[in-house]
Amino acid sequence: MNILVTGGAGFIGTHTLIELYRAGHAATVVDNLSNSNPVALQRVAEILEVGEIPFHQTDIRDREGLERIFASQHFDACIHFAGLKAVGESVEKPWEYYENNIGGTLVLIDVMRRHGCKNIIFSSSATVYGDPAEIPITERCPKGQCTNPYGWTKSMLEQVLMDIRRADAEWKVVLLRYFNPVGAHPSGRIGENPNGIPNNLMPYITQTAIGKRKELGVFGNDYPTPDGTGVRDYIHVCDLAAAHVSALQCFEPTFRHGVDGAHIYNIGTGHGYSVLDMVNAFMRVNGVNVPYSIKPRRAGDIATCYCDPGKARAELGWQARLGLDDMVRDSWRWQSMNPEGY
Ligand code: NAD
Ligand code: UFG
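Residues numbered from 1 in each chain as written. Chains lettered and ligands numbered in written order. Predicted model: local features only at pLDDT ≥ 70, side-chain atom pairs only at ≥ 80, totals over all residues. Heavy atoms only, no water.

## Quick look at helix H2 (residues 38–48)
- Inspection of H2 places Ala40, Leu41, Arg43, Val44, Ala45, Ile47 and Leu48 among the buried residues, and these make up the whole buried set.
- Looking at the buried side of H2, the elements it contacts are helix H1 (11–22), strand S2 (26–31), strand S3 (55–57) and helix H11 (324–337). (Buried < 20%, exposed > 50% of the residue type's maximum accessible area, 1.4 Å probe, protein only. Helix = DSSP H or I, 4+ residues; strand = E, 2+ residues; numbered from the N terminus. Contact = heavy atoms within 4.5 Å.)

See the structure below:
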């Protein structure tokens, strides 16, 4: 297939480009580089041993820019990663998050339909379940209250895409609800490159291990979990990337699952690991120290979040293959080979 990848210069997008090319698909990237670096796309091309990845530095809110791209070639589907994703920043700047994530997606899907491209894979998140009503979380679990504007953009965009599909039977919509992506490509050439102080656990661990941060704060050890620290479903980014290639099956006329062109999948491993499990695995596998101390709980955090990934396995034939040791090893390889990022 010929795929448009929005946000393709980012963390998950770059890893997905590798899986797409290796599976024989063609891909063109649209990214405004607001949270990424063009060097990442050069490195993807080097890993794949191709001259370059077709790339447009275009904002998805730029209707004319998107019109030109869609007029120049036919796309069979769009994998839509582009969006702002910092939870804390979204609380400070809600307008910017709604405008970029929702406004941008509305422009994108309008241009897509005008050019007869009505297949989309959307990057959703476990955050749409709020404080989940069941553990492990299946796709039947009701959506919940999000604790921040970022989460609401995901929840609202799921609704927008489902309504558009309901009104026009030609649309096929795949919502992939990612759990906690970590790790990096095993080459150590591409990985997560957060701006400033990381919000997420794994980049905070790697930056502490390399000495950029003094110590990791563990946010709470009084949760109702085996060791008291928060439990999450960490998934290697290469497994997550492969899930997108598997999800392209939903657009084949022979694909028998889903209801009226709607396909929702949890993308996780199904295993829950605590913060201390992650820190201890990181130190054991990599032989480096990660100083940490216990801090108060972080506002908005939940105790436990992990999924039942059985639907993706049964319908897409996809399952995570990499384990905790791969995740912590590859995260560290990326950080230690690129101490300042790209
Ligand atoms: P990322 O920030 O590395 O990648 C997103 C890319 O989108 C960036 O390259 C950025 O420059 C681009 N972008 C943002 N706004 C844009 C716009 N208006 N026009 C064009 N490009 C724009 O993030 P990521 O971790 O790769 O996440 C990809 C997607 O997955 C995002 O939608 C994110 O919300 C979602 N997601 C991420 C996680 C996670 O923990 N990483 C979890 C669940 C869902
Ligand atoms: N944590 C710490 N110290 C840190 C950072 C995190 O102890 O410095 C803990 C958190 O309290 C939590 C766990 O590590 O228990 C994971 O925290 P992350 O911030 O890495 O991930 P979250 O599960 O909070 O959030 C992630 C994404 C969100 C997404 C959410 C649900 O960052 O975008 O998963 O999918 F919405």
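## Examining the site of ligand 2
- Ligand 2 sits among 20 residues. The nearest are Asn200, Gly217, Arg232, Arg298 and Asp301.
- Backbone polar atom of Leu201 to an oxygen atom of ligand 2: 2.9 Å apart, as the coordinates give it.
- For ligand 2, an oxygen atom lies 2.9 Å from a polar atom in the backbone of Phe219.
- A total of 690 Å² of accessible area belongs to ligand 2 in isolation, and the protein chains cover 88% of it.
- For the shell around ligand 2, the elements supplying multiple residues, two or more each, are helix H7 (201–209) and strand S8 (216–219).
- Taken together, the residues of the shell around ligand 2 sort by class into ten nonpolar, seven polar and three charged. (Near = heavy atom within 4 Å. Polar contact = N/O pair within 3.5 Å; in protein donor to acceptor, adjacent residues only side chain to side chain. Areas by Shrake-Rupley, 256 points an atom, 1.4 Å probe, with all protein chains shown as cover. Nonpolar A, V, L, I, M, F, W, Y, C, P; charged D, E, K, R; others polar.)

## Remarks on the site of ligand 1
- Around ligand 1, 27 residues are found, and the nearest of them are Asp31, Asn35, Ser36, Lys85 and Tyr150.
- Here an oxygen atom of ligand 1 and a side-chain polar atom of Asp31 are 2.6 Å apart.
- Ile60 is positioned such that a nitrogen or oxygen atom in its backbone is 3.0 Å from a nitrogen atom of ligand 1.
- Starting from 810 Å² of accessible surface for ligand 1 in isolation, the protein chains cover 95%.
- At the level of secondary structure, the elements contributing two or more residues to the shell around ligand 1 comprise H1, strand S5 (119–125) and helix H6 (149–167).
- Per-element tally for the shell around ligand 1: the top contributor is S5, with three residues.
- Tallied by class, residues from the shell around ligand 1 come to ten nonpolar, twelve polar and five charged.

## Things to note about the sheet that holds strand S11 (residues 262–267)
- Spatially, seven strands are ordered S3-S2-S1-S4-S5-S6-S11 in an open sheet, and the strand pairing comes out parallel. For this open sheet the edge positions go to S3 and S11, each flanked by a neighbour on one side alone. Along the sheet, successive strands turn relative to each other by an average axial angle of 20°, direction set aside.
- For strand S1 (residues 2–6) and S2, the ladder comprises five bridges, and the chain directions are parallel. (Pairing = 2+ DSSP bridges. Axes fitted to C-alpha atoms, helices over the stretch in contact; angles between N-to-C directions.)

## Remarks on unusual backbone geometry
- Note that the residue after Ile135, namely Pro136, is joined by a cis bond; omega there is -5°.
- Structurally, Pro136 can be placed in the loop between S5 and H6.
- Look at Glu49: it is not a glycine, yet its phi comes out positive at around 55°.

The quantities given are spatial measurements derived from coordinates; they are silent on function.
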